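Listed below, chain by chain, are the residues.
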Amino acid sequence: EAGVAQSPRYKIIEKRQSVAFWCNPISGHATLYWYQQILGQGPKLLIQFQNNGVVDDSQLPKDRFSAERLKGVDSTLKIQPAKLEDSAVYLCASSGSGYRAKSQETQYFGPGTRLLVL
Amino acid sequence: SQQGEEDPQALSIQEGENATMNCSYKTSINNLQWYRQNSGRGLVHLILIRSNEREKHSGRLRVTLDTSKKSSSLLITASRAADTASYFCATPPSGSARQLTFGSGTQLTVLP
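Residues numbered from 1 in each chain as written. Chains lettered and ligands numbered in written order. Predicted model: local features only at pLDDT ≥ 70, side-chain atom pairs only at ≥ 80, totals over all residues. Heavy atoms only, no water.

Caption draft 1: Here's a closer look at the state of the cysteines. Tallied over the entire structure, the rule returns 2 disulfides over all chains. A sulfur-sulfur distance of 1.9 Å marks the disulfide that ties cysteine 23 of chain A to cysteine 92 of chain A. Its S-S torsion of approximately -70° makes the covalent link between cysteine 23 of chain A and cysteine 92 of chain A left-handed. Remark: cysteine 92 of chain A occurs in strand E9 (residues 88-95) and cysteine 23 of chain A occurs in strand E3 (residues 19-24); sequence separation between them is 69 residues. Of the two residues examined, cysteine 23 of chain A and cysteine 92 of chain A, each falls in the buried class. Across the disulfide from cysteine 23 of chain B sits cysteine 89 of chain B; the S-S distance is 2.0 Å. Handedness here is read from the sign of the S-S torsion; for cysteine 23 of chain B and cysteine 89 of chain B, about 65°, the answer is right-handed. Of the two residues, cysteine 23 of chain B is situated in strand E3 (residues 19-25) and cysteine 89 of chain B in strand E9 (residues 85-91); the sequence distance between them amounts to 66 residues. Of the two residues examined, cysteine 23 of chain B and cysteine 89 of chain B, each falls in the buried class. (Disulfide = S-S within 2.5 Å. Helix = DSSP H or I, 4+ residues; strand = E, 2+ residues; numbered from the N terminus. Buried < 20%, exposed > 50% of the residue type's maximum accessible area, 1.4 Å probe, protein only.)

Caption draft 2: A look at the nonpolar core. Within the largest apolar cluster, 22 residues are counted, with the highest numbers of intra-cluster contacts made by Phe21, Trp34, Leu77, Ile79, Tyr90 and Leu115 of chain A. When contributions to this core are tallied by element, the ones reaching two or more residues are E3, strand E4 (31-37), strand E5 (44-50), strand E8 (75-79), E9 and strand E11 (113-117) of chain A. One finds Leu32, Val63, Ala85 and Tyr87 of chain B within the second-largest nonpolar core, a separate group that totals 21 residues. (Core = buried A, V, L, I, M, F, W, Y, C linked by side-chain atoms within 4.5 Å.)

Caption draft 3: Examining the sheet that holds strand E1 (residues 4-7) of chain B more closely. Residue and element names in this part refer to chain B. Spatially, the 5 strands line up as an open sheet ordered E1-E3-E8-E7-E6, and their pairing is antiparallel. Of all strands in the sheet, those bounded by a partner on one side alone are E1 and strand E6 (55-58). Within this sheet the neighbouring strands show an average axis-to-axis angle of 20°, counted without direction. Strand direction decides the pairing type here: E6 and strand E7 (residues 61-66), joined by 4 bridges, are antiparallel. Considered in E7, the bridge of serine 58 is made with leucine 61. (Pairing = 2+ DSSP bridges. Axes fitted to C-alpha atoms, helices over the stretch in contact; angles between N-to-C directions.)

Caption draft 4: Structural view of the interface of chain B and chain A. Listed per partner, the contact involves 20 residues of chain B and 23 residues of chain A. Counting the contacts that link chain B with chain A gives 1 salt bridge. At the boundary of chain B and chain A, one finds 6 residue pairs in polar contact (both at pLDDT 80 or more). Listed by contribution, the elements that provide at least two residues to the side of chain B that touches chain A are strand E4 (31-37) and strand E5 (43-50) of chain B. In terms of residues, the side of chain B that touches chain A owes the most to one element, E5 of chain B, which gives 5 residues. Of the residues assigned to the side of chain B that touches chain A, the class counts are 8 nonpolar, 9 polar and 3 charged. (Contact = heavy atoms within 4.5 Å. Salt bridge = Lys/Arg side-chain N within 4 Å of Asp/Glu carboxyl O. Polar contact = N/O pair within 3.5 Å; in protein donor to acceptor, adjacent residues only side chain to side chain. Nonpolar A, V, L, I, M, F, W, Y, C, P; charged D, E, K, R; others polar.)

Caption draft 5: Local environment of the packing of aromatic side chains. Across all of its chains, the model carries 9 aromatic pairs over all chains by this definition. Their ring planes at 80° and their centres at 6.0 Å tell us that phenylalanine 109 of chain A and phenylalanine 102 of chain B sit as a pair that is edge-to-face. Here phenylalanine 109 of chain A is found in strand E10 (residues 108-109), whereas its partner phenylalanine 102 of chain B is found in strand E10 (residues 101-102) on a different chain. Given a relative accessible area of 2%, phenylalanine 102 of chain B falls into the buried group. Ring pairing ties together the aromatic residues Tyr33, Tyr35 and Phe109 of chain A together with Tyr35, Phe88 and Phe102 of chain B, which thus form one cluster. (Phe/Tyr/Trp six-rings, centres within 6.5 Å; stacked < 30°, edge-to-face > 60°.)

Given below as structure tokens:
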């Protein structure tokens, strides 16, 4: 069974440009998360989806960040326009039943997208 | 806001030695999880301990939980160079069963 897929793996853009990240969670996982991880820090939750509905987006900078999860499967995270401080690794994770899930609370992470804003 | 904080921030040991990392948290929890992150990779779940458990083992990993002190420890026995990674504790924020709040992590370096 495949794990969480993310693309692209790396992205370099200039400030004020737009960028989009894609995530394909583990099949059957109802919950999907986007995290931002700044160098030297732990991941910080940006948004949580349950199926195709938003559970929590309280830490998502909504003036520039947006996310959607169409049909309750794949998800995209967009930044428009990007700022220098958005340079970070963007991690997607999913949780749910099936896929040898250790528990409903266990989150499975993708490899992340490393964003550099110049 | 961060719920869990790991200590120490960095740890360097020789291969074969044991590594102990600690995590303190602030509010009541129903579970605490430990994750590992190799450089340039995503996080990998290591172990989950529930609030009614005091100790849990998985291979060379041993996790303890002291809810009275709001702390947890992760012990890696007989460390290997491949254990070099960042280790994070994660706890659900108050009122949430499925979210996790991560600490800043302990960077473990195992020297061959």
